[in-house]
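One letter stands for each residue in the lines below.
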Amino acid sequence: MSYLLPHLHSGWEVDQAIVTEEDRVVVIRFGRDQDPTCMIQDEVLMSIAEKVKNFAKIYVVDIDEVPDFSNMYELYDPCTTMFFYRNKHIMVDLGTGDNNKINWALADKQEFIDIIEMVYRGARKGRGLVVSPKDYSTKYRY
C-alpha cells in the first residue's frame, strides 16, 4: 500500500518536507516498503490520510533508498514513525521508554488519529513532548 502514499526519495526531499510545512504535523514512516510491519503501518496511514489532511501530512521514506537519517534518528527497527512540526521533532510519550518514535506498526486507525491529533495540539502550544492518550507500556502481555 505504500505506493499510494507520497514517497520522499532523497535526504533533501525529507528536509524540505519537514522545513516547508508551516501549519500541519509532518508524519514520516521510515522503513522498507516490502517489510510486513511497514505494510501494515502503510495501510493504516493510507486509510487515515484523508481524515487527518487538515492537521497532518503523511510521507513514506525507504531507509535503503535514503540512508541519511538512519544514524541521526537511530532507525534500527523495521518500521519507525516520527512526527515533526515547524521544523522541530516532536517526541511522544507512549509509555515505552522511547519517546522519539513509534517503532512498531500501530494497526488501530483511531488510535493513530488520536496520537496525531495529540501531537498537533501539543506542538501548536509549543510542547516538544506530548503524552499519548493511551499507554503502550503493556502492549506485549506475557
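Anything mentioned here points back to the structure above.
Conventions adopted
- Residues numbered from 1 in each chain as written.
- Predicted model: local features only at pLDDT ≥ 70, side-chain atom pairs only at ≥ 80, totals over all residues.
- Heavy atoms only, no water.
- Core = buried A, V, L, I, M, F, W, Y, C linked by side-chain atoms within 4.5 Å.
- Buried < 20%, exposed > 50% of the residue type's maximum accessible area, 1.4 Å probe, protein only.
- Helix = DSSP H or I, 4+ residues; strand = E, 2+ residues; numbered from the N terminus.
- Contact = heavy atoms within 4.5 Å.
- Salt bridge = Lys/Arg side-chain N within 4 Å of Asp/Glu carboxyl O.

1. Digging into the nonpolar core
Thinking step 1. If you look at the biggest cluster of nonpolar residues, it comprises 28 residues, and the most contacted ones within it are V25, V27, F83, F112, I115, I116 and V119.
Thinking step 2. Going through the elements one at a time, β1 (25–31), α2 (36–48), β2 (56–62), β3 (79–85), β4 (88–93) and α3 (109–124) are the ones with two or more residues in this core.
Thinking step 3. Not counting residues up to four positions away in its chain, the partners in contact with V27 are L45, A56, K57, I58, Y59, T81, M82, F83, F112 and I116.

2. A closer look at the pattern of salt bridges
Thinking step 1. Throughout the structure, instances matching the rule amount to 8 salt bridges.
Thinking step 2. A salt bridge links D42 to R29; its shortest N-O distance comes to 2.8 Å. Taken together, the residues D42 in helix α2 and R29 in strand β1 connect sequence positions 13 residues apart. In this pair, the class of D42 matches that of R29, namely buried.
Thinking step 3. Linked by salt bridges that have partners in common, R29, D33 and D42 make up one network.

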